[in-house]
Amino acid sequence: LLRSFQASDASFAEKLKKCRNEQSKLEKQSQEVTTKLKEKRRVVDDIKAQEDALTEEFLDLIGGDQAKLYKPLYKIFRRKIKRAKPGDGENDDDEDEDSEDSEESTLSDSDDDSDDDDEEETCPAGCEIEVYETVKQMRERRLDFEEALAEAQKQYDELKKMGDRLTT
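Peer 1: I tried to follow the overall build of the protein chain on my own but got confused; where do I start?
Peer 2: In terms of helices and strands, the protein chain carries six helices and zero strands. For the protein chain, the α and β elements follow one another from N to C terminus as α-α-α-α-α-α. By the burial criterion, 18% of the 168 residues in the protein chain qualify as buried. Long-range pairs, those at least 24 residues apart, make up 77% of the contacts in the protein chain between residues at least 6 apart in sequence. Only carbon and sulfur atoms are counted for the fraction: they give 49% of the accessible area of the protein chain, which is about 13000 Å².

Peer 1: I'm lost on the nonpolar core in this one. Help?
Peer 2: The tendency in soluble globular proteins is for nonpolar side chains to be buried as a group. Residues Phe58, Ile62, Leu73, Phe77, Cys127, Val131 and Val135 are the most contacted members of the largest nonpolar core, which totals 18 residues. If you list the elements that add at least two residues to this core, you get helix H1 (2-62), helix H2 (70-78) and helix H6 (129-167). If sequence neighbours within four positions are ignored, isoleucine 62 has contacts with Ala67, Tyr70, Leu73 and Val131.

Peer 1: Looking at this structure, how should I read the packing of aromatic side chains?
Peer 2: Where two aromatic rings form a pair, the distance of their centres and the angle of their planes describe that pair. As enumerated under the stated definition, the model contains four aromatic pairs in all. With a centroid separation of 6.0 Å and an interplanar angle of 50°, the aromatic rings of phenylalanine 58 and tyrosine 74 are classed as tilted. Here the residue phenylalanine 58 occupies a position in helix H1, and tyrosine 74 occupies one in helix H2, the gap between them amounting to 16 residues. On the accessibility criterion, phenylalanine 58 (0% relative accessible area) is buried. The class of tyrosine 74 is partly exposed, set by a relative accessible area of 31%. Between tyrosine 74 and phenylalanine 77 the ring centres are 6.5 Å apart and the planes differ by 45°, which places this aromatic pair in the tilted class.

Peer 1: I'm lost on H2 in this one. Help?
Peer 2: Every α-helix carries 3.6 residues per turn, so stepping three or four residues along brings you back to the same face. When we look at burial in H2, the residues that qualify are Tyr70, Leu73, Ile76 and Phe77. Taken end-on, H2 shows its buried residues confined to a sector of 135°, consistent with a single buried face. Away from its buried face, by an angle of more than 90 degrees, H2 presents the exposed residues Lys71 and Lys75.

Peer 1: Where do I start with H1 in this structure?
Peer 2: With 61 residues, H1 should cover 90 Å at 1.5 Å per step; its first-to-last C-alpha distance of 89 Å lies within 8% of that length. The set of residues buried in H1 consists of Val33, Leu37, Val44, Ile47, Glu51, Leu54, Phe58 and Ile62. The first or second residue beyond H1 is glycine 63, which carries a positive phi of 95°.

Peer 1: What exactly am I supposed to notice about the state of the cysteines here?
Peer 2: A disulfide bridge is the covalent bond that connects two cysteines by way of their sulfur atoms. If you walk through the whole model with that rule in mind, you get zero disulfides. Looking at the unpaired cysteine 127, the closest cysteine sulfur is the one in cysteine 123, lying at 4.1 Å.

Peer 1: It is not clear to me how the pattern of salt bridges should be interpreted in this structure. Could you clarify?
Peer 2: With the rule as written, the count across this model stands at seven salt bridges. Where arginine 41 meets aspartate 45, a salt bridge forms, and the shortest distance between an N and an O atom there is 3.7 Å. With arginine 41 and aspartate 45 both in helix H1 and four residues apart, this pair spans about one turn of that helix. Judged by relative accessible area, arginine 41 falls into the partly exposed class, the value being 27%.

Thresholds applied
Residues numbered from 1 in each chain as written. Predicted model: local features only at pLDDT ≥ 70, side-chain atom pairs only at ≥ 80, totals over all residues. Heavy atoms only, no water. Helix = DSSP H or I, 4+ residues; strand = E, 2+ residues; numbered from the N terminus. Buried < 20%, exposed > 50% of the residue type's maximum accessible area, 1.4 Å probe, protein only. Contact = heavy atoms within 4.5 Å. Areas by Shrake-Rupley, 256 points an atom, 1.4 Å probe, with all protein chains shown as cover. Core = buried A, V, L, I, M, F, W, Y, C linked by side-chain atoms within 4.5 Å. Phe/Tyr/Trp six-rings, centres within 6.5 Å; stacked < 30°, edge-to-face > 60°. Arc of directions from axis to C-beta. Expected span 1.5 Å × (residues − 1). Disulfide = S-S within 2.5 Å. Salt bridge = Lys/Arg side-chain N within 4 Å of Asp/Glu carboxyl O.

Structural data, given as structure tokens:
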């Protein structure tokens, strides 16, 4: 009777050892996920701070939100434009060709002035061309921040789901 209890006790001890090892492994993974979550949260907050700083830079450039050109320039700044995906190899070649054919594209753009998109892309009356070009560059930077923020937020959400699975 004692030997049967010793055998079952040994098997229970082995199972307990396996469970403790697994628990330790899961706790370590949970700590790693928590650390990664904190880092991703910092990245998300940094990107948001950069985006806010860019908005402040925009306001400083145009003279604040009470400036007479605020509305048209803000509309240009906040406008969402279609951009080439960084992974598309074909677009890289097209961009090179576009820069070589810039004279032809400016000629064809002047014919399309009746299009709403082209009207929004023209320099507002009374605005210096340098300010307009700077606003367009700021828009590109804002879109870069938005893409980076979306990617970081997606990674954060995935880590959060992983952490939730580890804790349940």
